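# Observations on the model geometry
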Amino acid sequence: MSVPRRRRRLPDEVRAAAVRAVLCLSFTLVGVVVATLASYADSWLMTPALMAMGLGVFGTMWCLLEILISRQVAAQRQRAPGSAHPMAGGRAPDPLAARPLPRPGGPQRQPRLPAA
């Protein structure tokens, strides 16, 4: 029996942007309902409801764009310097790791002679 993997928690700025997008979408949908009911009733409330709905659509698109941008920023923040995968965890380089060989023609160290 396989154990389901836990999903990683979204970064705080992405979660905050998602909450703002859901709130903006819900207010837009309320505006759609109010505008529809006001049009059925031939009410004066239809004009402000349509204007609020237009602003809500603009705000919802803005919030969705904010989600995309904040996800990219969070992915870049977690990216390791030499990794190809954007969500690969970055680690500090090991100070005892092998160093690259010196380039030919570059400064060379002179070997030390043992003390006699």
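Quick look at the structure, then. Since we're looking at a predicted model, the values are computed, not measured.

## Some details on a nonpolar patch on the surface
A grouping of Val30, Val34, Trp44 and Leu45 is seen on the molecular surface, where their side chains present a nonpolar patch of about 410 Å² in accessible area. Take Val34: it is sitting in helix H1 (residues 12–40).

## A few points about the environment of Ala75
Turning to its location among the elements, Ala75 is positioned in helix H2 (residues 46–78). In this structure the C-alpha to C-alpha distance between Ala75 and Pro11, which are 64 residues apart in sequence, comes to 9.4 Å.

## Details of the packing of H1 against H2
Between H1 and H2, whose axes approach to 8 Å, the crossing angle comes to 165°. In terms of their interaxial angle, H1 and H2 are classed as roughly antiparallel. In terms of crossing hand, the pair formed by H1 and H2 is left-handed. Tallied by class, the residues present in the contact of H1 with H2 amount to 19 nonpolar, 7 polar and 5 charged.

## Regarding the nonpolar core
Burial of nonpolar side chains together is a common tendency in soluble globular proteins. Ala17, Ala21, Cys24, Cys63 and Ile67 together form the largest nonpolar core, which totals 5 residues. Every element with two or more residues in this core is listed here: H1 and H2. The element best represented in this core is H1, accounting for 3 residues. Each residue touching Ile67, except ones within four places of it in the same chain, is listed here: Ala17, Ala18 and Ala21.

Quick notes on the rules
Residues numbered from 1 in each chain as written. Predicted model: local features only at pLDDT ≥ 70, side-chain atom pairs only at ≥ 80, totals over all residues. Heavy atoms only, no water. Patch = residues over 30% accessible without salt bridge, like charges linked within 9 Å, V, L, I, M, F, W, Y side chains within 5 Å. Areas by Shrake-Rupley, 256 points an atom, 1.4 Å probe, with all protein chains shown as cover. Salt bridge = Lys/Arg side-chain N within 4 Å of Asp/Glu carboxyl O. Helix = DSSP H or I, 4+ residues; strand = E, 2+ residues; numbered from the N terminus. Axes fitted to C-alpha atoms, helices over the stretch in contact; angles between N-to-C directions. Parallel < 35°, antiparallel > 145°, perpendicular 65-115°, else oblique. Left-handed = near helix turned anticlockwise from the far one by under 90°. Nonpolar A, V, L, I, M, F, W, Y, C, P; charged D, E, K, R; others polar. Core = buried A, V, L, I, M, F, W, Y, C linked by side-chain atoms within 4.5 Å. Buried < 20%, exposed > 50% of the residue type's maximum accessible area, 1.4 Å probe, protein only. Contact = heavy atoms within 4.5 Å.

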